[in-house]
Amino acid sequence: MTWHLFCINRYEKQTPIRFEKRIGSIYENFSELVMKILDSAFAFTERTLAVRGQRMEVLSKNIANADTPNYKAQDVDFRSVLKGTQLPTAMNATQKGHISESKMISDANLFYTTPLNSSVDGNTVELSVEQAKYGRAAAQYQATLRFIESDVSGIRKALKGE
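Every chain's residues receive numbers from 1 upward, in the order its sequence appears when written. In keeping with the predicted nature of the model, local features appear solely for residues at pLDDT of at least 70, side-chain atom pairs appear and are counted solely at 80 or more, and the whole-chain, interface and lining totals rest on all residues. Side-chain measures here rest on the full set of heavy atoms in the structure, leaving out hydrogens and waters.

The next thing to look at is the overall build of the chain. For the chain, the helix and strand inventory stands at 4 helices and 2 strands. Only DSSP runs of H or I with at least four residues qualify as helices, and only runs of E with at least two residues qualify as strands; both kinds are numbered from the N terminus onward. Along its sequence from the N terminus, the chain presents helices and strands in the succession α-α-β-α-β-α. We call two residues in contact whenever any of their non-hydrogen atoms come within 4.5 Å of each other. Considering only residue pairs separated by 6 or more positions, the chain has 78% of its internal contacts joining residues 24 or more positions apart. Residue-level accessible areas treat just the shown protein chains as cover; the underlying method is Shrake-Rupley with a 1.4 Å probe. Carbon and sulfur atoms provide 56% of the accessible area of the chain, an area that totals close to 12,500 Å².

Within the secondary structure layout, E126 lies in the loop between strand 2 (110-112) and helix 4 (127-160). Categorising residues by exposure relies on relative accessible area from a 1.4 Å probe, with only protein chains included: less than 20% of the type maximum marks a residue as buried, more than 50% marks it as exposed, and the intermediate range marks it as partly exposed. This count recognises Lys and Arg as positive and Asp and Glu as negative, with His and chain-terminal groups excluded. Should a side-chain nitrogen of Lys or Arg be within 4 Å of a carboxyl oxygen of Asp or Glu, the pair is scored as a salt bridge. Comment: no salt bridge for buried E126; closest opposite-charge side chain is K133, at 7.6 Å. Any pair of nitrogen or oxygen atoms within 3.5 Å is treated as a polar contact; in protein, a donor-acceptor pairing is required on top of that, and neighbouring residues in sequence qualify only through side-chain atoms on both sides. From its side chain, E126 meets the backbone nitrogen of L116 in a polar contact 3.1 Å long. Not counting residues within four places of it along the chain, the set of residues in contact with E126 comprises P115, L116 and N117.

Quick look at the pattern of salt bridges now. Scanning all chains against the criterion turns up 3 salt bridges. In this structure, the salt-bridge partner of K133 is D75, at a minimum N-O distance of 3.6 Å. Remark: D75 occurs in strand 1 (residues 74-76) and K133 occurs in helix 4; sequence separation between them is 58 residues. For D75, a relative accessible area of 5% corresponds to the buried category. The partner of K133 in a salt bridge is E130, with the nearest N and O atoms 3.9 Å apart. With K133 and E130 both in helix 4 and 3 residues apart, the pair spans about one turn of that helix. Judged by relative accessible area, which is 2%, E130 ranks as buried. Within the structure, one salt-bridge network assembled from shared partners comprises R55, D75, E130 and K133.

Right, let's talk about a nonpolar patch on the surface for a bit. Residues enter a patch when their relative accessible area is above 30% and they make no salt bridge; the linking distance is 9 Å between like charges and 5 Å between nonpolar side chains (Val, Leu, Ile, Met, Phe, Trp, Tyr). The grouping of F30, L33 and I37 at the surface amounts to a nonpolar patch, some 310 Å² of accessible area in total. The exposure class assigned to L33 is partly exposed, which follows from its relative accessible area of 47%.

Below, the discussion takes up the environment of R47. Its place among the elements puts R47 in helix 2 (residues 16-64). Judged by relative accessible area, which is 13%, R47 ranks as buried. With 34 residues separating them along the chain, R47 and V81 place their C-alpha atoms 9.4 Å apart.

Judged by nonpolar contacts, V51, V58, V76, F78, V81 and L82 together constitute the single largest core of 6 residues. Residue assignment for this core shows that the elements contributing at least two residues are helix 2 and helix 3 (78-84). Here, nonpolar core means buried Ala, Val, Leu, Ile, Met, Phe, Trp, Tyr and Cys residues that are tied together by side-chain atoms lying within 4.5 Å of each other.

Looking at the secondary structure, you find N62 in helix 2. For N62, a relative accessible area of 0% puts it in the buried group. At a separation of 2.5 Å, a polar atom in the side chain of N62 contacts the main-chain carbonyl oxygen of Q74. Apart from residues no more than four positions distant in its own chain, N62 is found in contact with Y71, A73, Q74, V125 and E130.

What follows is the structure, encoded as structure tokens:
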């Protein structure tokens, strides 16, 4: 970094006016480039984290409704959700609120689970199975957070020159 500052100072003394304009445009282009790189680097991980969180919501609804008659347990087809969101797409709207991108899981990605043991009241939730699924989903969520933390740490080290 010191070498670059030496070159900049040397160049600035030679052509101060053109240098300021050039550095300004380089800085703007560089910051845009860095943002694009960071967005693309974290886009898939961000979507994965969102889907894992939404799956945990579905599983927690199952657990909460374990005693509700005729409640049908649901789960998320994680792979189909991620296949459907592989490429980031920017949606344009003419006015605020026209398009809602917050829901990644649609009804097509939810499926009803088949219980191992049938119940008299028509409820398909098996509490021990749902709790085990929730525990595994929570561990996967934590693992995804650790991957993000590792990626951010690596980028910080690269920016610091370590």
